[in-house]
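# Remarks on the overall topology
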Amino acid sequence: EVQLVESGGGLVQTGGSLRLSCLTSGFTFDDYAIGWFRQAPGKEREAVSCITSADNSTIYKDSAKGRFTISSDNAKNTVYLQMDSLKPEDTADYYCAAGPYAAWGLCKYVSTVDYWGQGTAVNVAS
């Protein structure tokens, strides 16, 4: 059974930080890229950052560059998203996802996602 379990969301003030975790199981972690996507109410789901598990190559949404850092602990089959300098526009439900392409492909094409987590809510207060 494939599982992607997110945690770490919450309520923070503008400028605050959160670290999201995605614990995965049920598939070969190193054969996939893992990504973080987010969806705000009334908006499309969008890629935030993705990482290729095999070589740790990464890609970021432009607005996340310099503020967010994605990393992988392959021994734990876990991917993290460290979010610093949070802004109200970062408010959304954040979803962990796995896909067969490298990070650039996963982040570019949401349709390539094979597995989704249930999401964790991030709320950044003004």
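Note that the structure is a prediction, hence the values are computed from the model and not measured.

The next thing to look at is the overall build of the chain. Looking only at helices and strands, the chain features one helix and eleven strands. For 126 residues, the compact-globule estimate of 2.2 N^0.38 gives 14 Å, and the chain sits close to it at 13 Å. Considered along the principal axes of its C-alpha atoms, the chain spans approximately 40 × 25 × 25 Å. Sorting the 126 residues of the chain into buried and exposed places 44% on the buried side. Nonlocal contacts in the chain, meaning residues at least 24 apart in sequence, comprise 58% of its contacts between residues at least 6 apart. With an accessible surface of roughly 6300 Å², the chain has 47% of that area assigned to carbon and sulfur atoms. For the chain, the centre of its 10 positive side-chain charges and the centre of its 14 negative side-chain charges are spaced 8 Å apart.

Turning our attention to the environment of Leu81. If you trace the backbone, Leu81 turns up in strand β8 (residues 78-83). Assessed through its relative accessible area of 0%, Leu81 is described here as buried. Separated by 33 residues in the primary sequence, Leu81 and Val48 have C-alpha atoms spaced 9.5 Å apart.

Procedures and definitions
Residues numbered from 1 in each chain as written. Predicted model: local features only at pLDDT ≥ 70, side-chain atom pairs only at ≥ 80, totals over all residues. Heavy atoms only, no water. Helix = DSSP H or I, 4+ residues; strand = E, 2+ residues; numbered from the N terminus. Rg over C-alpha atoms; globule rule 2.2 N^0.38 Å. Buried < 20%, exposed > 50% of the residue type's maximum accessible area, 1.4 Å probe, protein only. Contact = heavy atoms within 4.5 Å. Areas by Shrake-Rupley, 256 points an atom, 1.4 Å probe, with all protein chains shown as cover. Lys, Arg positive; Asp, Glu negative; His and termini not counted. Charge placed at Lys NZ, Arg CZ, Asp CG, Glu CD.

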